[in-house]
Every structure is written in structure tokens, then in C-alpha cells.
Amino acid sequence: MSAPTVLGLDATTVVDLVRERGFGPFTGVPCSYLGPVISCLQDRYPQEYLIAANEGEAVAVAAGARLAGRTPVVILQNSGLGNAVNPLTSLCHTLRLPVLLFVTWRGRPGSPDEPQHELMGEITPQMLTAMRIRNEILPDEPALLAARLDEAKAHMEATGLPFAFVVPKGSVAPYAASPPPRERGGLMLRAEAISRVVQSMDPASCLVATTGKTARELERDWDRARNLYVVGSMGCASSVALGVALHARDRNVVVLDGDGAALMRLEAMAAIGRLAPPNLLHILLDNESYESTGGQPTASAGVDFGAIARACGYRAAHDVTKAVELTAAVAAAQGAGGPQLIRVRIASGSDPRLGRPALSPPASATRFMEAISA
């Protein structure tokens, strides 16, 4: 693949060109590279954008839309391509249900990015090719995009196989008319909630933080050897914490999860409830949005996480909104034993100067292992 000159297509133009050719509905998991397209869809065609919890679900929903006579589009970050491999290969390929993919190219060789994107960035085009998905870089001019969309549709109709546009950074310009952030007055920001948790928990607890701004704010404000910052692998922090809790039973383990992450790997709650480690506390920070990718909404507003946790076998579940409630819930949960869930409803927002974790991922893991064994 040759590197294009990225000019930044207008998001409305992209959406209009895709829809004019009969593509839709759209589903997927947000990435900041395609955030403007999602914002445009939510602003102009909200009924055509379906929020998915993970990329595999998005592909399966798209396959269903294809069976119903539509020509669906799946939007995903390349880091989530792994979640989509099974439905792309064993569902779409097997049943010949073509879907149009827009796959962002985080970690593109030669373009500096975060460590968790390095390997996937190197292999993204090869992965698509290995799955027999024809792929090319998103064109940088509207006329070229129109022509390639026509070719993509012809290919999909002739072969019954998906077609993918790989989207480098800056391919789509910001969408200026994006809806303003939703007001959630009176709620804590994530940084305050994290501070409350750290100050309220057993000081010897091991603390596992999910990817994104949760890990970044924890490291900035409360760095300690018993913290593990899970960068990438969205949705896996609670399962990592479960593994630690099961095999370090003399340690209290706390996981700081997010609503988007929890929804992406909801099966983790079933495992936690079934195995029932008494030393695990699951804290879910819920701002109803994918804040790290631009604030696109998750589906958490309509989800009763407490009921799910109890149904899965958690000892107890709590839903809090105030700082004093969170302080009391953390202390009580660790005193009574787990597993317990505390859902903390928080407001979106963070320090715009918030940096990336200074500690490298391998160093974070090594330090954490040494702290547990000490």
C-alpha cells in the first residue's frame, strides 16, 4: 500500500457519498480517526447509526442487516479488528454476506502512536488480506472516493465478500456541527471518583485500571507500584483483575472499569460471578460515553449493571452518584468481601493537558508483578 497525501475529507461528504450509493445502516465502535463521520451520522441520520458494544457484534449486526436486504457499513478501529476476525471469517465469508468496512489505521508504520497500536498497525493490511478482504487506503478526494465506492460495491456484489477502506490519521476533517456534550450536572468527574476510590480502599490493594483516560488519570494522580495500567485490550481489565485475584488470594484487588469497556466484554462479569473471588472489587466508572475517542455515546444508559452483576453471582452491587456514597461503598464492599460491583455515575470531562502514561507497559507489568510477590 502506498502512503496517500492526507488532506482531510469533509465528514458530511463522506457520509453523503456512501449513502448515495445505497450503503447503510452504519454500526461499529468509535475511533477518533472516524469520530467526525460518527458525529455526522448521529447529527443527521441518527436512525442509521447503531451503537455496538464490540466490533464482533457490529459485524454480526451488519450481517443481519445484509440478510434483511441492506448493504451495511461497519466502522472500527484496527485495534478492534481482532474482535471481528471470527464473524468476518466464519460468518460473513461462510454465508457470503458482504459488509463495507472502514478500518482506522492506528500505529501505521512511520506514524508515531501509542505502544498498544504498534503491532496491529504493522499487520493491519496483511490481516485484511489474509481474511480475503480486499482493502485499500481511503481516497483523499471526493471524486476518487465516489469511484472507489462504486468499485467496492461491484466487488461485494460479484464475490459476496467484504471490502475494506483503511483510514489513516487525518483522513477525515473535524465535524464542526457535532452535538454539544450532554449535561450530567452534579456528578463527579472521573478524576475525582478515582481519587475517592484510592483514598477509601485498603491501601495494600492491587489496583487494575482500564485503558484510556482512566489509566492515565490514575497514573498522573496516584501512581504506585501496585497499580497496573492496562493500555489497549479494551474490555479486558476486569478479566486481568480476576486472574490476579484468583492467584494472589492474600491481596485485595480493585479494578477500575469503564462503561464502554464493560459492555465490550460483558462476559467477564459472568466469569467473576461464577468464580466468586472474595478479594475482588469491580468499580465501573460510567459517563455514558467513549470519551477517549470524542465522546460518542455508549449504550450504558439503558443497562442495569447491578442487576447483571447480581444475576451473574456477585455478592452485591451498588449504584452511586455522590462522592460520599462512593467512599462508603468502597469501604463497606472491601470489609464484607466480594466479588462486589460499584457502578459510579460520573460526568464526562478531563484535563485537556492530560498526558499519556509515562511508565512503559512492560515496566508497569514488571513493577506490578514485583509488588505482588514482595
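Residues numbered from 1 in each chain as written. Predicted model: local features only at pLDDT ≥ 70, side-chain atom pairs only at ≥ 80, totals over all residues. Heavy atoms only, no water.

1. Things to note about the overall build of the protein chain
Stated formally: Each helix is a run of DSSP H or I of at least 4 residues and each strand a run of E of at least 2, with the numbering of both proceeding from the N terminus. For a compact globule the rule gives 2.2 Å times the number of residues to the power 0.38, and the radius of gyration it is set against comes from C-alpha atoms. Pairs of residues are marked as contacts when any of their non-hydrogen atoms sit within 4.5 Å. To measure how exposed things are, a 1.4 Å probe is used in the Shrake-Rupley method; for residues, cover is taken only from the protein chains shown. In this count, Lys and Arg are taken as positive residues and Asp and Glu as negative ones, while His and the chain termini are left out. Just so you know, the charge point we use is NZ for Lys, CZ for Arg, CG for Asp and CD for Glu.
What the protein chain contains, in helices and strands, is 14 helices and 14 strands. Computed over C-alpha atoms, the radius of gyration of the protein chain comes to 21 Å, within 12% of the 21 Å expected from 2.2 N^0.38 for 374 residues, which places it in the range of a compact globule. Based on the C-alpha atoms only, the size of the protein chain along its principal axes is roughly 65 × 40 × 40 Å. Once local pairs closer than 6 in sequence are excluded, the contacts in the protein chain between residues at least 24 apart make up 78%. For the protein chain, the accessible area works out to roughly 15300 Å², and carbon and sulfur atoms hold 55% of it. Of note, the protein chain has its 34 positive side-chain charges centred 3 Å away from the centre of its 36 negative side-chain charges.

2. Topic: the packing of aromatic side chains
The geometry of an aromatic ring pair is captured by two quantities: the separation of the ring centres and the angle between the planes. Going by this rule: Aromatic rings from Phe, Tyr and Trp, taking only the six-membered ring of Trp, are treated as a pair when their centres fall within 6.5 Å; an angle between ring planes under 30 degrees marks them as stacked, one over 60 as edge-to-face, and anything in between as tilted. Throughout, exposure labels follow a simple rule: accessible area from a 1.4 Å probe, protein chains only, divided by the maximum for the residue type, with under 20% read as buried, over 50% as exposed, and the rest as partly exposed.
Under the defined criterion, the tally for this structure stands at two aromatic pairs. Measuring from ring centre to ring centre gives 5.6 Å for F102 and F165, while their planes differ by 35°; the resulting arrangement is tilted. With F102 in strand β4 (residues 100-104) and F165 in strand β6 (residues 163-167), this residue pair connects regions lying 63 residues apart in the sequence. F165 carries the same exposure label as F102, and that label is buried. Taken together, the aromatic side chains of F102, F163 and F165 make up a single cluster linked through ring pairs.

3. Concerning the packing of helix α4 (residues 81-95) against helix α5 (residues 118-130)
To keep it simple, the criterion reads: Lines are fitted to the C-alpha atoms to define the axes, a helix being fitted only along its stretch in contact, and any angle between axes, read from their N-to-C directions, falls within 0 to 180 degrees. Should an angle fall under 35 degrees it is taken as roughly parallel, and over 145 as roughly antiparallel, whereas 65 to 115 is taken as roughly perpendicular and any remaining angle as oblique. Two helices cross in a left-handed way if the nearer one is turned anticlockwise from the farther one by less than a right angle. They cross in a right-handed way if the turn is clockwise. Just so you know the grouping, Ala, Val, Leu, Ile, Met, Phe, Trp, Tyr, Cys and Pro go in nonpolar, Asp, Glu, Lys and Arg go in charged, and all remaining residues, Gly too, go in polar.
It is the contact of α4 with α5, at a shortest axis distance of 12 Å, that shows an interaxial angle of 15°. Comparing the axis directions of α4 and α5 gives the class roughly parallel. For the crossing formed where α4 meets α5, the hand is left-handed. In this structure, α4 contributes L81, G82 and V85 to the contact, and α5 contributes M120, T124, M127 and L128. Class assignment of the residues belonging to the contact of α4 with α5 gives a composition of five nonpolar, two polar and no charged.

4. What about the sheet that holds strand β7 (residues 206-209)?
For clarity, the cut-off: Any two strands between which DSSP finds at least two bridges are classified as paired.
Pairing is parallel in the open sheet, where six strands are placed in the order β8-β7-β9-β10-β14-β13. Looking along the sheet, the strands with just one partner apiece sit at the ends: β8 (227-229) and β13 (316-320). For this sheet, the mean angle separating the axes of adjacent strands, direction not counted, is 15°. As defined by bridge partners, β13 adjoins strand β14 (residues 340-345) across five bridges and the pair is classed as parallel. When the sheet's bridge partners are listed, H318 is paired in β14 with I342. Against the sheet, helix α8 (residues 213-222) engages β7, β8, β9 (253-258) and β10 (280-286), with an angle of about 140° to β8. Seen against the sheet, helix α12 (residues 305-312) touches β10, β13 and β14 and runs at an angle of roughly 175° to β14.

5. So, the sheet that holds strand β5 (residues 134-137)
Strands sit in the order β2-β1-β3-β4-β6-β5 across an open sheet of six strands; the sheet is parallel. Looking along the sheet, the strands with just one partner apiece sit at the ends: β2 (49-51) and β5. Neighbour to neighbour, the strand axes of the sheet diverge by 25° on average, direction disregarded. Here α5 sits on the sheet in contact with β4, β5 and β6, set at roughly 155° to β5.

6. Things to note about the pattern of salt bridges
Opposite charge on two side chains permits pairing when their charged atoms draw close. To keep things clear, this is the line we draw: Put simply, a salt bridge is a Lys or Arg side-chain nitrogen that is within 4 Å of an Asp or Glu carboxyl oxygen.
Summed over all chains, the structure comprises 18 salt bridges. Counted as one network, the salt bridges with shared partners bring together R190, K213, E217 and E291.

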